[in-house]
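Structural characterization, general
Okay, here's what each chain looks like letter by letter:
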Amino acid sequence: MSSPSSVRAHWSSRWAFILVTAGSAIGLGNIWKFPYMTGTNGGSAFVLVYLACIVGIGVPLLMAETMLGRRGQGNPVDAMRSVATEAGANQLWQVVGAIGILGASLILSFYSVVAGWILDYTVLAVHGFDGMSKDSLSAIFSALLADPWRLIGWHSLFMLLNLLVVIGGVTGGIERANKILMPALFAIVLLLLGYGIVAADMAAAVRFMFHFEPQAISATVILSAMGHAFFTLSLGMGAIMTYGSYLERGTSIARTCLYITLADTGIALLAGLSIFAIVFAQGLEPAAGPGLILQTLPLAFSQMPMGNIVGVLFFVLVAFAAWTSAISLIEPATSFLVERTGLGRKPAVAAVCFVAWFIGIAVALSFNLWSEIKLFGLNIFDLLDTLTTKMLMPLAGLLIALFAGWVMKRAHVADEIGLQGGAFRLWYGAVRYVSPVAIALIFLNVIGVIG
Ligand code: PFF
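What you are looking at is a predicted structure, and each value in this text was computed from that prediction instead of being measured.

**A word on helix 12 (residues 253-281)**
Here helix 12 is 29 residues long and its end C-alpha atoms lie 42 Å apart, about the 42 Å a rise of 1.5 Å per residue gives. In terms of burial, helix 12 is largely enclosed, as 21 of its 29 residues are buried. Structurally, the start of helix 12 carries an N-cap: the backbone nitrogen of Ala 254 is 3.5 Å from a side-chain oxygen of Ser 252. Immediately downstream of helix 12, the backbone of Gly 283 shows phi near 70 degrees, a positive value.

What follows is the structure, given as structure tokens:
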């Protein structure tokens with residue numbers, strides 16, 4: 001499309017795009033959620049289905065969303081409008097972009113509170129977890145959740161860190177931060193992996209995660225894995241579309257998306273292996289749930305050689321991962337405000353962060369003072385999590401698949417995606433048939449019809 005790509009900011013290279021998008025994808029989802037979901041969903045069965053979902057739905061949709069952003073050359077709403085216009089389709093398709101902007105801003109509000117836990121634990125790790133027992137660690141976590149000021153303080157600091165980066169612009173802020181944080185993140189993962197191999201029980205971790213156990217696959221496992229594939233690849237929330245809109249034409253979408261997925265999945269698997277190697281070496285339980293890295297792992301750190309150093313490294317890793325993801329949650333609404341209202345970048349970023357920070361306060365209070373405030377039996381934190389990751393994400397994903405697969409003209413799709421022959425047909429088939437059917441199944445499960 002002959003859009004004014006020259007006036008939009010662009011990543012400095014295709015590697016920069018790969019790095020920032022991997023930065024968005026690799027986050028709390030990889031290092032906090034994936035290991036505990038693997039632990040509670042029976043280990044290898046979950047890993048297997050998750051990998052299948054990444055290949056069958058994740059990669060195709062990642063490519064489709066990047067393609068829409070690049071073709072539309074705008075914030076998610078305007079990108080969808082311009083591609084819909086080109087396809088002669090209804091302007092209502094802009095709603096897909098709006099769902100993304102709304103969803104990203106809401107995710108940011110609770111993501112920042114959870115990232116705040118990680119900052120708190122980074123400081124705890126510096127002091128060391130020596131001599132702590134299972135009970136004292138669980139008391140520490142409960143005390144954190146019970147303290148509104150501590151939660152709000154860390155949440156505010158985390159939001160401020162993000163604001164400072166995104167205010168710097170697409171290349172001067174987002175790209176620059178990722179160029180520092182992502183290599184550091186990869187280095188820490190490798191260090192932890194090395195520790196897991198040399199000093200912990202890597203064999204048990206490999207068995208737990210990769211022992212082939214098809215009989216353990218259940219509907220719950222499939223649906224959790226599918227939902228997680230969405231979350232970990234940052235799909236449907238406008239982040240990928242916005243980052244894609246800063247991508248130069250002529251760059252292969254298929255190849256870059258493949259690298260991004262390999263990095264995202266690779267980090268999840270390596271982090272999972274390292275965590276379970278440490279957990280098993282200390283004879284601890286892998287199925288602790290969300291407290292796995294906040295309670296079980298610190299217990300392991302307190303018992304193992306060099307536990308202090310490994311503990312600090314680990315929480316710094318999680319904090320960096322959360323940071324590069326949160327940045328990408330701010331950009332969709334920012335680009336919308338800048339392009340639609342003419343607001344400068346600084347006030348736009350400040351407005352987005354302020355709104356998410358404000359909602360985040362309610363999230364922080366939902367663990368203590370407002371824990372009794374519930375809607376459909378869910379507190380504010382669970383409500384926002386359910387609304388975004390279980391509803392808005394799959395809804396946007398479904399609409400993106402339908403739009404790219406059925407509404408856009410095939411020739412335009414082929415031109416933008418840059419695949420030919422069998423490779424194109426494979427990807428197109430996944431977007432037209434596999435993704436919509438799979439996502440429809442997730443929905444039916446969420447609203448209670450199946451599962
Ligand atoms: N992919 C991130 C993670 O795994 O933690 C979370 C995320 C970031 C979701 C950006 C959605 C998004 F737009």
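**Brief notes about the pattern of salt bridges**
When charged atoms on two side chains of opposite charge get close, those side chains can pair. Under the defined criterion, the tally for this structure stands at 12 salt bridges. Among the ionic pairs, Arg 71 bridges to Glu 86, the shortest N-O distance being 2.8 Å. One end of the pair, Arg 71, is in helix 3 (residues 44-72); the other, Glu 86, is in helix 4 (residues 76-86), with 15 residues separating them in the sequence. Since its relative accessible area comes to 4%, Arg 71 is described here as buried. Two residues, Glu 331 and Arg 345, come together in a salt bridge whose shortest N-O distance is 2.6 Å. Here the residue Glu 331 occupies a position in helix 14 (residues 307-341), and Arg 345 occupies one in helix 15 (residues 345-365), the gap between them amounting to 14 residues.

**Brief notes about unusual backbone geometry**
A positive phi angle, near 45 degrees, is found at Gln 73, a position not held by glycine. Following the sequence through the fold, Gln 73 ends up in the loop between helix 3 and helix 4. Unlike most non-glycine residues, Ser 234 shows phi in positive territory, near 60 degrees. By the secondary structure assignment, Ser 234 is in the loop between helix 10 (219-232) and helix 11 (239-245). The class for Ser 234 is buried, based on a relative accessible area of 9%.

**Remarks on the site of the ligand**
What surrounds the ligand is a group of 16 residues, the closest being Ala 25, Gly 29, Tyr 111, Phe 231 and Ser 234. In this structure, an oxygen atom belonging to the ligand sits 3.4 Å away from a side-chain N or O atom of Asn 30. When isolated, the ligand has an accessible area of 340 Å², and the protein chains bury 100% of it. Taken together, the residues of the shell around the ligand sort by class into eight nonpolar, eight polar and no charged.

**Regarding the packing of aromatic side chains**
Counting across every chain of the model gives 32 aromatic pairs. When the ring of Trp 11 is compared with that of Tyr 246, the centres are 5.5 Å apart and the planes differ by 85 degrees; the resulting orientation is edge-to-face. Pair noted here: Trp 11 is in the segment before helix 1 (14-25) and Tyr 246 is in the loop between helix 11 and helix 12, with a separation of 235 residues, a long-range link. Neither Trp 11 nor Tyr 246 differs from the other in exposure class; each is buried. When the ring of Phe 320 is compared with that of Trp 323, the centres are 6.5 Å apart and the planes differ by 55 degrees; the resulting orientation is tilted. Here Phe 320 pairs with Trp 323, and both are found in helix 14, just three residues apart, close to one helical turn. Residue classification places Trp 323 among the buried positions, given a relative accessible area of 18%. Residue placement shows Lys 33 over the ring face of Phe 231; its charged tip is 4.1 Å from the ring centre. Arg 432 extends its terminal NZ or CZ atom over the ring of Trp 406, reaching a point 3.8 Å from the ring centre.

Here is what the cut-offs are and how they apply
- Residues numbered from 1 in each chain as written.
- Predicted model: local features only at pLDDT ≥ 70, side-chain atom pairs only at ≥ 80, totals over all residues.
- Heavy atoms only, no water.
- Helix = DSSP H or I, 4+ residues; strand = E, 2+ residues; numbered from the N terminus.
- Expected span 1.5 Å × (residues − 1).
- Buried < 20%, exposed > 50% of the residue type's maximum accessible area, 1.4 Å probe, protein only.
- Polar contact = N/O pair within 3.5 Å; in protein donor to acceptor, adjacent residues only side chain to side chain.
- Salt bridge = Lys/Arg side-chain N within 4 Å of Asp/Glu carboxyl O.
- Near = heavy atom within 4 Å.
- Areas by Shrake-Rupley, 256 points an atom, 1.4 Å probe, with all protein chains shown as cover.
- Nonpolar A, V, L, I, M, F, W, Y, C, P; charged D, E, K, R; others polar.
- Phe/Tyr/Trp six-rings, centres within 6.5 Å; stacked < 30°, edge-to-face > 60°.
- Lys NZ or Arg CZ within 6 Å of the ring centre and 35° of its normal.

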